[in-house]
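Structural overview for review
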Amino acid sequence: MKKVLRYLLMTVLAICFTVPCLNAAEAATVALLPLINNVAGDELANQVYYKNAIKALKSQPGFVVMENNTLNNAIEANKVEGSVPSEAALAKIAKDGDVDIVFAIQLDKLGKKPMNRVGERMIKLEMEGKAVAYNRLSGVYYSHNLRGGKEIDETLTTRWDWPHEEFGRAVRQEISRAMRAK
């Protein structure tokens, strides 16, 4: 009798452990379009973009970055020089590349500008651009302008590249917003 109860208990435990696996959802596939960099002579922005975009997507569960030949061909076919693709172009990239979400950023201006104030050495962030995304699963188009305007004491920025760090933070924020857009 003890053996029967033991086998029955083991069977119930095995079923309880496998039930959560039945409800597992498939991860949404994401396509990161190359950065549209309109800032002359700033090649570091491309590296900052990819590093922070992949970091942001890895920190959110349920998203997988895709890259394959069909996706690359779809991106090249719908490429618009110097600006982010339109909603229709993003939808076509998502359909032809067989991905769920398409994300792109355009960077028009990135730098810092000294502020003339008596007794203070302040600098202001100059950042302009646009972030767009299209979710094929829900049909939602996301568009948001990137803006600078932050001011900080100049002495605090002497040991690192403050404009690129702020751009990286903006990339992470925009990806997080685009993935939550409804």
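Across its full length, the protein holds five helices and seven strands. The N-to-C order of helical and strand elements in the protein reads α-β-β-α-β-α-α-β-β-β-β-α. Against the 2.2 N^0.38 benchmark of 16 Å for 182 residues, the protein shows a C-alpha radius of gyration of 23 Å, more extended than a compact globule. For the protein, the spread of C-alpha atoms along the three principal axes comes to 90 × 45 × 25 Å.

A word on helix H3 (residues 69-77). If you check which residues of H3 are buried, you get Leu71, Ala74 and Ile75. The buried residues of H3 occupy an angular sector of 100 degrees when projected down its axis, which confines them to one face. H3 presents Asn69, Asn73, Glu76 and Ala77 as exposed residues on the side facing more than 90 degrees away from its buried surface. Check the buried side of H3 and you find it contacts strand S1 (28-32) and helix H4 (87-97).

Between its first and last C-alpha atoms helix H2 (residues 44-59) spans 23 Å; for 16 residues at 1.5 Å apiece the expected length is 22 Å, and the two agree. In this structure, the buried side of H2 is in contact with S1, strand S2 (36-37), strand S3 (63-65), strand S4 (101-117) and helix H5 (162-180).

A few words now on the nonpolar core. Within the largest apolar cluster, 32 residues are counted, with the highest numbers of intra-cluster contacts made by Tyr49, Phe103, Ile105, Leu107, Phe167 and Ile175. Among the elements of the structure, S1, H2, S4, strand S5 (120-135), strand S6 (140-147) and H5 are those that each provide at least two residues to this core. Among the elements that make up this core, the one with the highest residue count is H5 (seven residues). If sequence neighbours within four positions are ignored, Ile105 has contacts with Pro34, Leu35, Ile36, Tyr49, Val84, Lys130, Ala131, Leu146, Phe167 and Val171. Leu71, Ala104, Val132 and Tyr134 belong to the second-largest nonpolar core, a separate cluster that totals 14 residues.

To continue, consider the pattern of salt bridges. Tallied over the full model, the rule gives seven salt bridges. With its nearest N and O atoms 3.0 Å apart, the salt bridge here joins Arg121 to Glu154. Here Glu154 lies in the loop between strand S7 (151-153) and H5 and Arg121 lies in strand S5, a separation of 33 residues in the sequence. On the basis of relative accessibility, which here comes to 56%, the residue Arg121 falls in the exposed class. Overall, Glu154 belongs to the partly exposed group, its relative accessible area being 25%. The salt bridge partner of Arg169 is Glu166, with a shortest N-O separation of 3.1 Å. With Arg169 and Glu166 both in helix H5 and three residues apart, the pair spans about one turn of that helix. By relative accessible area, Arg169 is classed as partly exposed at 30%. What you see here is one network of salt bridges that share partners, running through Asp98, Asp100 and Arg136.

Reading the values: rules and limits
Residues numbered from 1 in each chain as written. Predicted model: local features only at pLDDT ≥ 70, side-chain atom pairs only at ≥ 80, totals over all residues. Heavy atoms only, no water. Helix = DSSP H or I, 4+ residues; strand = E, 2+ residues; numbered from the N terminus. Rg over C-alpha atoms; globule rule 2.2 N^0.38 Å. Buried < 20%, exposed > 50% of the residue type's maximum accessible area, 1.4 Å probe, protein only. Arc of directions from axis to C-beta. Contact = heavy atoms within 4.5 Å. Expected span 1.5 Å × (residues − 1). Core = buried A, V, L, I, M, F, W, Y, C linked by side-chain atoms within 4.5 Å. Salt bridge = Lys/Arg side-chain N within 4 Å of Asp/Glu carboxyl O.

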